[in-house]
Structures are given as structure tokens and as C-alpha cells.
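These are the residues of each chain, in order.
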Amino acid sequence: MSSRCLTIGHLYPHHMNLYGDRGNVITLVRRAEWRGIAARVVEVEVGDRVSWADLDLVFMGGGEDRDQEAVADDFRARAHDLIPLLDQGLPMLAICGAYQLMGEYYLTARGERVPGVGYLPIYTVAAEPRLIGNVVAELFPLPNGEAVWGRTVVGFENHGGRTYLNAGGRPLARVVTGHGNNGTDRTEGVIRGHVIGTYLHGSLLPKNPHLADLLLGWAMRRRGWPVPEPLDDELEWTAHRVMLAREGKKGLAARGS
Ligand code: GLN
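Description of the structure in this document. A quick note: this is a predicted structure, and the numbers were derived from the prediction, not measured.

1. As for the layout of surface pockets
Empty space within the second largest pocket amounts to approximately 250 Å³. Put simply, the parts of the chain that give the lining of the second largest pocket at least two residues each are α2 (65-77), α4 (97-102), β7 (122-139) and β8 (152-165). By residue class, the composition of the lining of the second largest pocket is 7 nonpolar, 7 polar and 4 charged.

2. What to know about the sheet that holds strand β2 (residues 38-44)
Within the open sheet, the 6 strands sit side by side as β2-β1-β3-β4-β12-β11. Their pairing is mixed. Edge positions in the open sheet fall to β2 and β11 (190-192), since each of these has one partner strand only. For this sheet, the mean inter-axis angle between neighbouring strands, taken without regard to orientation, is 15°. Pairing analysis gives 7 bridges linking strand β1 (residues 5-11) to β2, with the strands arranged parallel. By the bridge assignment for β2, Leu-6 is matched with Ala-39.

3. Remarks on the pattern of salt bridges
Taken as a whole and assessed by the stated rule, the structure comprises 14 salt bridges. Notably, a salt bridge pairs Glu-64 with Arg-66, separated by 3.2 Å at the nearest N-O pair. By relative accessible area, which is 39% here, Glu-64 ends up partly exposed.

4. Side note on the site of the ligand
In the vicinity of the ligand lie 16 residues, with Asp-65, Gln-68, Cys-96, Arg-130 and Gly-161 positioned nearest. Interatomic distance of 2.9 Å between a side-chain N/O atom of Arg-130 and an oxygen atom of the ligand. Asn-158 places a polar main-chain atom, nitrogen or oxygen, 3.0 Å from a nitrogen atom of the ligand. Here the ligand occupies the second largest pocket. Of all the secondary structure elements, the ones that give two or more residues to the shell around the ligand are α2, α4 and β8. In terms of residue count, the dominant contributor to the shell around the ligand is β8 (4 residues). Looking at the shell around the ligand, its residues break down into 3 nonpolar, 10 polar and 3 charged.

Criteria and thresholds
Residues numbered from 1 in each chain as written. Predicted model: local features only at pLDDT ≥ 70, side-chain atom pairs only at ≥ 80, totals over all residues. Heavy atoms only, no water. 1 Å grid on protein atoms, 1.4 Å probe; cavity = no way out; pocket = protein on both sides within 12 Å on 5 of 7 lines; lining within 4 Å. Points joined across faces, edges and corners; volume = space filled by probe spheres on them. Helix = DSSP H or I, 4+ residues; strand = E, 2+ residues; numbered from the N terminus. Nonpolar A, V, L, I, M, F, W, Y, C, P; charged D, E, K, R; others polar. Pairing = 2+ DSSP bridges. Axes fitted to C-alpha atoms, helices over the stretch in contact; angles between N-to-C directions. Salt bridge = Lys/Arg side-chain N within 4 Å of Asp/Glu carboxyl O. Buried < 20%, exposed > 50% of the residue type's maximum accessible area, 1.4 Å probe, protein only. Near = heavy atom within 4 Å. Polar contact = N/O pair within 3.5 Å; in protein donor to acceptor, adjacent residues only side chain to side chain. Sits in = over half its atoms within 2 Å of the grid points.

In C-alpha cells, the structure reads:
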């Protein structure tokens, strides 16, 4: 048994867990375990004490407006612990409602202005209609050059919020089918350092193993461990290709497949 153990912080699983978001955490745990690395999940709810320095990776899922509002104050209060660690390379994946709360603010359909933690260079304004459906997008080159450029990501979106990037913000991907950040500029998600925000539920990571390993690789390198060795991902890429085919995009660069 390996002595290596990763600790994954799962923020607000009670309130922020839509469309199988929890499956992302299960994927990270399994993909670590398949490489002989133990993985422990620390669930953090409103008011819980957190030993931030112990975390190797942070995940937070999506939520309806009322759930976002229920966690927003608590989340903002944790920003002074979380943000310095993100600046030092702690990887984080934030989906939909969490993505919005990682930005500057979210103006809800009821006109409520919910301030975020302001780490991601985005702001979000709700509008009609909701942006719902399957998404195919192509990853942009990442700031630190990981070899996932041009590969597709597949997922499912359901959001009223339109998210806009501030000047200098780096989108994660270019929308091929679906709506992405705002339905107009064809961007999807944002990346800053090792923090990824995205609208893609689904769950995202089981059928996008390259993204799962990107996050795990960041966490492992931060510990000084070797990069994760490849796994047999035939099943994962089959799921990915099914989604591409459903959207009529069979020819795109799923790769790894
Ligand atoms: N409540 C937010 C919106 O509608 C986020 C929804 C979600 O997380 N799926 O935009």
C-alpha cells in the first residue's frame, strides 16, 4: 500500500450538488486510487472548521440561486484562507453556481446582487431564457502549456446566469455546440492558475478524463510527486465520443481515444 494520500476538499455538498456534480469527486478519488494513491474527501458545510493547509484539491459544485445565497456569506468569509493557497497553486474545480461565486458577483433573476470571492475575473448577470442543454467545447491552450489544447470537453449546462470575462481573463474553451459562458461570445469557463471555473455539469470529469488528470497532475506536482501515469480510459473516451456523436461532432479531436 502506498503512503501517498491526497486530500480533496468538497465544499458545500449539501447545497451545491446539481446534475451529478458529486461524480466529479468520485472520479478524482478513483483515478488517484487506480494509481495506488489513497484519497480522502473532507466535506465542508456552512460553519465547519477547515484545515486548509491539508487540502490538495478543492471542488465545489453548482446550485440553485437560493442554495448559492445560502452558502455565499460563509464562502466569502473563507476567502482569506482559500485565496492565498490558490495563488500558491492549490488546484480547484468550480462548477456553475460555484463558478459564479468564484467571480466578482452574481446578479440573480430576483435582482439580488450576490458578491463572490472575486478570485476569477468574471461577473454574472441572470437573464431569460435559461441556457440549457449539452455542450461541446474545445480547450484553449492553458497558461502553463499542458497538452490538452484543442481537445474537446463535453458536458451539460443549465444556468440563467450570463457570465462575462473581464479584460485579461482567460476562457477555458471555445464553444462548438451549446451556450457556454453567456450564449454570445462562444467562450466556456475560465482558468486562472490552477483554478478552473466552468458551466459544465454532467458530471464533467467521468467523461473528460484529460481534465480529471490535469487537476490530479497539478495536485500531485504540488506535492513533488511524479505526474500521473496513463490509465486505460477506453470506457471514459467511449462516453465522451457518445456525447460528441449526439451533438453531431464525431470528427472533433476527442483524442486520448
Ligand atoms: N443558479 C445559477 C444560475 O441559474 C447556477 C445554476 C447551476 O449551478 N446549475 O445561473
